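This is what each chain is made of:
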Amino acid sequence: MPSEVIYNRIAMLRAERGISRRDLAEALGVHYQTVGYLERGEYSPSLHLALRIAAYFEVSVEVVFSTDPFPRLGAETA
């Protein structure tokens, strides 16, 4: 039975902007450990939380979350 994995770019977006897990968690109203669980794919966000994360980073939800793995940074695009 396939698992319903949700891939995300939260860690990458945080790193690009110099935002700590704690700062992101505070802005979203969640525990900082929740951000870690999300980043590692150990927890899938509710639709409401996913939309709030995308809004926080000012990007569309598809930029942050996907049902398919994101290409690795620096990967060749054919």
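Residues numbered from 1 in each chain as written. Predicted model: local features only at pLDDT ≥ 70, side-chain atom pairs only at ≥ 80, totals over all residues. Heavy atoms only, no water.

(A) Just the nonpolar core, in detail. In this structure, Ile10, Leu24, Ile53, Phe57, Val64 and Phe65 are the most contacted members of the largest nonpolar core, which totals 15 residues. Broken down by secondary-structure element, the contributors of at least two residues to this core are α1 (10-17), α2 (21-28), α3 (32-39) and α4 (47-57). A total of 5 residues in this core trace back to one element, the largest contributor, which is α4. Discounting chain neighbours no more than four positions away, the residues touching phenylalanine 65 are Ile6, Tyr7, Asn8, Ile10, Pro45, Ala50, Ile53 and Phe70. (Core = buried A, V, L, I, M, F, W, Y, C linked by side-chain atoms within 4.5 Å. Buried < 20%, exposed > 50% of the residue type's maximum accessible area, 1.4 Å probe, protein only. Helix = DSSP H or I, 4+ residues; strand = E, 2+ residues; numbered from the N terminus. Contact = heavy atoms within 4.5 Å.)

(B) Spotlight on the confidence of the model for the protein. The predicted model of the protein averages 91 in pLDDT, with 88% of residues at 70 or higher. Here strand β1 (residues 7-8) stands out as the least confident element of the protein, with mean pLDDT 94; α2 is the most confident, with 98. (pLDDT = per-residue confidence, 0-100.)

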